[in-house]
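# Coordinate analysis (summary)
Listed below are the residues making up each chain.
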Amino acid sequence: MSLTRLIYVSTITSEFSLGDIDKILESSYRRNSANNISGALYFSTRYFMQYLEGDRADLEETYARIIQDRRHANCIVYELEPIEKREFEDWSLAYIPQSESLRSLNSRFMQSAQFNPYDIPQQNVFAFILELKAYLPRVYLEGLTC
Ligand code: FAD
């Protein structure tokens, strides 16, 4: 087993509609659990950023499937690195939608409060993911009160 993390970004296409989020999450929970993959998916109005961790062969197989998905395009891998430990071990895929509290985080890592993952310098992407993780409980609470 070679524990690895994969971080990529992508843009939705005309084949994507908001209702696809639930389908993507359903497939991901099922497939990632079966493959012992954990991670997080951050989605704004146009962009995805996904962090996945697991055995390298399983990650590569999963990513090969993901990039075939016509609901998004312009996939760019920011990191494919060996790791010592998991960051999202309790999540087959933590879903993080854009929220008001994340705008200040966007501003710190990008040039604007609007999320555009292609604007994050590659060396800062993992730090951004770790900060997202710290926001997770608050994001979920906001979602519950909306
Ligand atoms: P099913 O779950 O049976 O497919 C469910 C439905 O999804 C299909 O009926 C169809 O409507 C739609 N669908 C499936 N594949 C495609 C496709 N290629 N193009 C358009 N519509 C399709 N999968 C994972 O396993 N793990 C992940 O972490 C993961 N993350 C994703 C992140 C993003 C941003 C996107 C866009 C997709 C992600 N997926 C992930 C989904 C992945 O791309 C495949 O769709 C999925 O793995 C297929 O699973 P399945 O064969 O069991 O299909």
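The paragraphs below set out a description of the structure included in this document. (Residues numbered from 1 in each chain as written. Predicted model: local features only at pLDDT ≥ 70, side-chain atom pairs only at ≥ 80, totals over all residues. Heavy atoms only, no water.)

Moving on to the site of the ligand. Around the ligand there are 18 residues in total, and Ser27, Arg30, Arg31, Arg65 and Asp69 lie nearest to it. Take serine 27: an N or O atom from its side chain is 2.5 Å from an oxygen atom of the ligand. Between the ligand and arginine 31, the relevant distance is 2.8 Å, taken from an oxygen atom to a side-chain nitrogen or oxygen of the residue. Alone, the ligand offers 910 Å² of accessible surface; in the complex the protein occludes 74% of this. (Near = heavy atom within 4 Å. Polar contact = N/O pair within 3.5 Å; in protein donor to acceptor, adjacent residues only side chain to side chain. Areas by Shrake-Rupley, 256 points an atom, 1.4 Å probe, with all protein chains shown as cover.)

What follows is about the layout of surface pockets. A volume near 340 Å³ is recorded for the largest pocket. Contributing to the lining of the largest pocket are 16 residues, with Ile24, Ser28, Ile66, Asp69 and Arg71 lying nearest its centre. If you list the elements that add at least two residues to the lining of the largest pocket, you get helix 1 (20-34), strand 3 (47-55) and helix 2 (56-67). It is helix 1 that contributes the most residues to the lining of the largest pocket, five residues altogether. Along the lines of polarity and charge, the residues of the lining of the largest pocket split into six nonpolar, six polar and four charged. (1 Å grid on protein atoms, 1.4 Å probe; cavity = no way out; pocket = protein on both sides within 12 Å on 5 of 7 lines; lining within 4 Å. Points joined across faces, edges and corners; volume = space filled by probe spheres on them. Helix = DSSP H or I, 4+ residues; strand = E, 2+ residues; numbered from the N terminus. Nonpolar A, V, L, I, M, F, W, Y, C, P; charged D, E, K, R; others polar.)

Inspection of the secondary structure assignment puts phenylalanine 126 in helix 4 (residues 125-145). Phenylalanine 126 sits in the buried class, given a relative accessible area of 16%. Sequence spacing of phenylalanine 126 and phenylalanine 115 is 11 residues, and the spatial spacing of their C-alpha atoms is 16 Å. With sequence-adjacent residues up to four places away left out, phenylalanine 126 is seen in contact with Arg5, Ile7, Tyr51, Glu79 and Glu87. (Buried < 20%, exposed > 50% of the residue type's maximum accessible area, 1.4 Å probe, protein only. Contact = heavy atoms within 4.5 Å.)

This part covers the sheet that holds strand 5 (residues 94-97). Pairing is mixed across the open sheet formed by five strands, whose spatial order is 4-1-3-2-5. Here the strands that pair on one side only, and so sit at the sheet edges, are strand 4 (72-82) and strand 5. Neighbour-to-neighbour, the strand axes of this sheet turn through a mean angle of 15°, independent of strand direction. As defined by bridge partners, strand 1 (residues 3-12) adjoins strand 3 across nine bridges and the pair is classed as antiparallel. Paired with leucine 6 across the bridge in strand 3 is leucine 52. Strand contacts of helix 2: strand 1, strand 3 and strand 4, with the helix running at about 150° to strand 3, the strand carrying the most contacts. (Pairing = 2+ DSSP bridges. Axes fitted to C-alpha atoms, helices over the stretch in contact; angles between N-to-C directions.)

Glancing now at the packing of aromatic side chains. Applying the stated criterion to the full structure yields 11 aromatic pairs. Ring plane angle 50° and centroid distance 5.3 Å describe the contact between tyrosine 51 and phenylalanine 88, whose orientation is recorded as tilted. A residue pair is termed long-range when its members are at least 10 positions apart, and tyrosine 51 in strand 3 and phenylalanine 88 in the loop between strand 4 and strand 5 qualify at 37 residues. Just as tyrosine 51 is buried, phenylalanine 88 falls in that class too. Both rings, one in phenylalanine 109 and one in phenylalanine 128, keep their centres 5.1 Å apart while their planes meet at 70°; by these two values the pair is edge-to-face. Here phenylalanine 128 lies in helix 4 and phenylalanine 109 lies in helix 3 (residues 103-109), a separation of 19 residues in the sequence. Relative accessible area serves as the criterion here: at 12%, phenylalanine 109 is assigned to the buried category. With a relative accessible area of 0%, phenylalanine 128 lands in the buried category. Grouping aromatic residues by their ring pairs yields a cluster made of Tyr42, Phe109, Phe115 and Phe128. Against the face of phenylalanine 126 rests arginine 5, its NZ or CZ located 3.6 Å from the ring centre. Positioned above the aromatic ring of phenylalanine 88, the side-chain terminus of lysine 133 is 5.8 Å from the ring centre. (Phe/Tyr/Trp six-rings, centres within 6.5 Å; stacked < 30°, edge-to-face > 60°. Lys NZ or Arg CZ within 6 Å of the ring centre and 35° of its normal.)

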